[in-house]
Amino acid sequence: MDTVTLRRAHLEDAEAILEIYAPYIRNTNITFEYEVPSLSEFRDRMAGIMEGYPYLICEIDGIAAGDAYAHRYKERAAYQWDAELSVYLREGCERRGIGQAFYTALMEILKEQHVRNVYGIVTSPNPPSEALHAAMGFRLAGVSLKTGYKLGKWIDVSCFERPLGDPDSPPEELLTVHQVPQERIAQILQAAERMVR
């Protein structure tokens, strides 16, 4: 039986995570980046995200199988309770429940931070990602047609959204991930880890 570990990522994981991400840049339309960033640049990106939001890694038998993180959705003050989610899986690690485990953990941690809405921005068509969002209770909020150009073609982008709390009540003060009790995060990760098969 495989040993599965779902935990918060560290900057020391940057090389393993970039190894997962680089093929998405080189070979797919899933990300709109054209050039693989340097390890130093990628580590800086991770550090910026980790200042406020959860950044997770899933290991199977000690090998990084995927990563996921949340980040600010839009910059204006009124959007501060919104977060965008991103998930990347190592090739061959699909259909093991890792994406659902990541989304479950991220959303539970973000609830503790008082985030109220989460978003998934998905190049379309992307049946696995669209199925994940449907399974996790997201609804399609809209499609931007032919909005990005990569690998010789124009690509549509779909926006999926899901509320995390009562949409009509005022928000609570937004917390950083570091202000959430670490034992609570550990509980969330342990519960989500059991979803991976």
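Structure: see above.
This one's a predicted model, so the numbers in the text were calculated from it and none came from an experiment.

Procedures and definitions
- Residues numbered from 1 in each chain as written.
- Predicted model: local features only at pLDDT ≥ 70, side-chain atom pairs only at ≥ 80, totals over all residues.
- Heavy atoms only, no water.
- Helix = DSSP H or I, 4+ residues; strand = E, 2+ residues; numbered from the N terminus.
- Rg over C-alpha atoms; globule rule 2.2 N^0.38 Å.
- Buried < 20%, exposed > 50% of the residue type's maximum accessible area, 1.4 Å probe, protein only.
- Areas by Shrake-Rupley, 256 points an atom, 1.4 Å probe, with all protein chains shown as cover.
- Lys, Arg positive; Asp, Glu negative; His and termini not counted.
- Charge placed at Lys NZ, Arg CZ, Asp CG, Glu CD.
- Phe/Tyr/Trp six-rings, centres within 6.5 Å; stacked < 30°, edge-to-face > 60°.
- Axes fitted to C-alpha atoms, helices over the stretch in contact; angles between N-to-C directions.
- Parallel < 35°, antiparallel > 145°, perpendicular 65-115°, else oblique.
- Left-handed = near helix turned anticlockwise from the far one by under 90°.
- Contact = heavy atoms within 4.5 Å.
- Nonpolar A, V, L, I, M, F, W, Y, C, P; charged D, E, K, R; others polar.
- Pairing = 2+ DSSP bridges.
- Expected span 1.5 Å × (residues − 1).

Our next topic: the overall build of the protein chain. Looking only at helices and strands, one finds five helices and seven strands in the protein chain. Moving toward the C terminus, one meets the helices and strands of the protein chain in the order β-α-α-β-β-β-α-β-α-β-β-α. In terms of C-alpha radius of gyration, the protein chain reaches 16 Å, essentially the compact-globule figure of 16 Å for 197 residues. Dimensions of the protein chain, computed from the C-alpha atoms along their principal axes, are close to 45 × 40 × 30 Å. In the protein chain, which comprises 197 residues, the proportion classed as buried is 45%. For the protein chain, the computed accessible surface area is about 10600 Å², with 51% contributed by carbon and sulfur atoms. Taken together, the 21 basic and 29 acidic charged side chains of the protein chain have centroids lying 4 Å from each other.

As a further point, take the packing of aromatic side chains. All told, the structure shown has seven aromatic pairs when counted by the stated rule. Measuring from centroid to centroid gives 4.9 Å for Tyr 21 and Tyr 88, while their planes differ by 65°, and the two rings are edge-to-face. Pair noted here: Tyr 21 is in helix 1 (residues 14-27) and Tyr 88 is in strand 4 (residues 82-89), with a separation of 67 residues, a long-range link. Relative to Tyr 88, the ring of Tyr 24 has its centre 5.0 Å away and its plane inclined at 75°; by these criteria the two rings are edge-to-face. In this pair, Tyr 24 is assigned in helix 1 and Tyr 88 in strand 4, connecting sequence segments 64 residues apart.

A separate point is the packing of helix 3 (residues 98-112) against helix 4 (residues 127-135). Orientation of helix 3 relative to helix 4, taken along the N-to-C sense of each, is 45°, at an axis distance of 10 Å. The angle between the axes of helix 3 and helix 4 places the two elements in the oblique class. Relative to helix 4, helix 3 is oriented so that their crossing is right-handed. Seen from helix 3, the contacting residues are Gly 99, Gln 100 and Tyr 103; seen from helix 4, they are Leu 132, His 133 and Ala 135. Residues belonging to the contact of helix 3 with helix 4 are distributed by class as follows: three nonpolar, three polar and no charged.

A separate point is the sheet that holds strand 6 (residues 139-150). Overall, mixed pairing links the seven strands, which are arranged 1-2-3-4-5-7-6 in an open sheet. Sheet topology places strand 1 (4-8) and strand 6 at the edges, where each strand pairs with a single neighbour. Averaged over all adjacent pairs, the angle separating strand axes in this sheet is 25°, with direction ignored. Where helix 1 meets the sheet, its contacts fall on strand 2 (55-60), strand 3 (63-72), strand 4 and strand 6, and the angle it forms with strand 3 comes to roughly 80°. Most of the contacts of helix 2 (residues 39-50) go to strand 2, to which it runs at about 115°, and overall it touches strand 2 and strand 3.

Right, let's get into the packing of helix 3 against helix 5 (residues 182-193). At a minimum axis separation of 9 Å, helix 3 and helix 5 run at an interaxial angle of 160°. One element, helix 3, and the other, helix 5, form an angle in the roughly antiparallel class. Judged by the sense of rotation from one axis to the other, the crossing of helix 3 with helix 5 is right-handed. When helix 3 is examined against helix 5, the residues Ala 101, Ala 105, Glu 108, Ile 109 and Glu 112 are found in contact with a partner set consisting of Arg 184, Ile 185, Ile 188, Leu 189 and Ala 192. Each residue belonging to the contact of helix 3 with helix 5 can be placed in one class, and the counts come to seven nonpolar, no polar and three charged.

Our next topic: helix 2. Over its 12 residues, helix 2 extends 16 Å from the first C-alpha to the last, a length consistent with the 16 Å expected when each residue adds 1.5 Å. Looking at the buried side of helix 2, the elements it contacts are helix 1, strand 2 and strand 3.

Take the environment of Asn 126 next. Checked against the element boundaries, Asn 126 lands in the loop between strand 5 (117-124) and helix 4. Considered as a pair, Asn 126 and Gln 179 are 53 residues apart in the sequence and their alpha carbons are 35 Å apart.

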